[in-house]
Amino acid sequence: MKIVLCSFEYAHLSQKYSGGIGSFMRDYANILASNNHDVSVLGLTMTPFSGFDGKVFVDLYKPFLYSHNMAKIINYPSFFLFPILFILDLIYRLIFSFRVKKYIKENQVDIIEVHDYKGIASLFRFVGIKIPIVVRVHGTNNVLTYLNIQNKNIISIIHEKIVDHLFDDFIFISFASKKFYEKKFSIKNNSEICYNPSIKNKDVFDKKTYESNIIHVCNFGAMSKSKGIDIFLDLSNRFVDNSKFHFHLIGKETPDYPYDELSQRKNLTYHGLMNRDELIQLIGSFDIFVFPSKFENCPMSWVEAINSGGVILVSNIDVSKEMVLDSDTGYICDDLDEYEKRLYDLIDNNLRLKISEQSRSFVDNKFSTEHVLSTSLNFYMKLLR
């Protein structure tokens, strides 16, 4: 099967930054390619790249004037600049859509998959793309605005609503993602639930030791209050005089969490921003991961933490019940006091080992690459009949 994945994020070494969508796209593309499917990834980027990532052809195009600063201005335009920026964004979308159309025609592509965020497929039908298009729901700005997780991006929401109106074939990455998507958009009757894949990293896991004199506690990912970084830092403050624990934070500094402030904390090492390959190697040295997010759909970071051999502590949100069996494969925590209590419980090396083994078995079954592959391909085949 010839498959094109369309994304404005892809976790390739050529890219300065990629979030969960980019990590998923790279993992998923390589899963498909390793099972003898012809896979390409097409996208827009601030750092252009065209070439092969293993067996996957990747074409990340940079239009004229497309930059991080320009993207920020388009994402949150002033009232007076809105008409101009809407048109500029429309031009970028048209360029991308015509590039996709040209590629699928030249390569006789069978099916396209896109992510929902920012409605990147809103003009695909307008430019004449007629093959089946599957939308995988990672999280829209419309939903994240409704939940007070992101600032409202009016231009993105317009295009997300167009995509919702035009397309009916959706893959949701959790029951939580389906619940909140359909609360803000339409009910999707032709849909499937397919969790993000668990990619085993045996080299990292084999180096793991559970005989630690110091317990290393980590959070990695987007550095925002919506990800609970404020809670993580408050938690580290409670252990500032406890030499048994050391905290680690990995991610891009922000105005709320600048390097100068983070680097001066007594019991915390701030590692800054890392590419994904570096990150995966480093997290194998940590014992516990704390993710106090205010909302998630199916975070790649949680599965990556488990695959590193660590124990995860997560917030009590909808998707947590799908991804963690409380006290068996990790801990679901309601408040700062409970995070603190669980850290003290996990001083016990044997308990950490037990939970880590149980969680690895759990994700290997529920989030297996085989399940992701079969569920996705069966959904594609249904559309191609």
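Relevant structure appears above.
Model, not experiment: these values are computed from the prediction. (Residues numbered from 1 in each chain as written. Predicted model: local features only at pLDDT ≥ 70, side-chain atom pairs only at ≥ 80, totals over all residues. Heavy atoms only, no water.)

1. Points about the pairing of strand 9 (residues 215-220)
Counting buried positions along strand 9 yields five of six residues, so the element is predominantly enclosed. Two strands pair when backbone bridges link them, and strand 9 and strand 10 (residues 245-250) are joined in this way by six bridges, in the parallel orientation. Along strand 10, the bridge assignment pairs C218 with H248. At this point the chain moves from strand 9, through helix 8 (residues 229-238), to the parallel strand 10, and the crossover so formed is right-handed. Sheet analysis places strand 9 next to strand 12 (residues 288-291), joined by two bridges and oriented parallel. Residue pairing for strand 12: V217 is matched across the bridge by I288. (Buried < 20%, exposed > 50% of the residue type's maximum accessible area, 1.4 Å probe, protein only. Helix = DSSP H or I, 4+ residues; strand = E, 2+ residues; numbered from the N terminus. Pairing = 2+ DSSP bridges. Right-handed = clockwise from strand over helix to strand, strands pointing away.)

2. Observations concerning helix 13 (residues 336-345)
For helix 13, every residue scored as buried is listed here: E338, Y339, E340, R342 and L343. On its buried face, helix 13 sits against strand 9, helix 8, strand 10, strand 12, strand 13 (311-315) and strand 14 (331-333). Backbone nitrogen of D337 and a side-chain oxygen of the N-cap are separated by 3.3 Å at the start of helix 13; the cap is D335. (Contact = heavy atoms within 4.5 Å. Polar contact = N/O pair within 3.5 Å; in protein donor to acceptor, adjacent residues only side chain to side chain.)

3. Examining the sheet that holds strand 8 (residues 191-193)
The eight strands lie next to each other as 3-4-2-1-5-6-7-8, forming an open sheet whose pairing is mixed. Each edge of the open sheet is held by one strand with a lone partner, namely strand 3 (49-53) and strand 8. Here the strands of the sheet are splayed against their neighbours by 20° on average, with no regard to which way each runs. Pairing analysis gives three bridges linking strand 7 (residues 170-172) to strand 8, with the strands arranged parallel. Counted as the bridge partner of I171 is E192 from strand 8. On the sheet, helix 3 (residues 82-107) packs against strand 1 (2-6), strand 2 (38-44), strand 4 (56-61) and strand 5 (111-115) and is oriented at approximately 165° with respect to strand 2. (Axes fitted to C-alpha atoms, helices over the stretch in contact; angles between N-to-C directions.)

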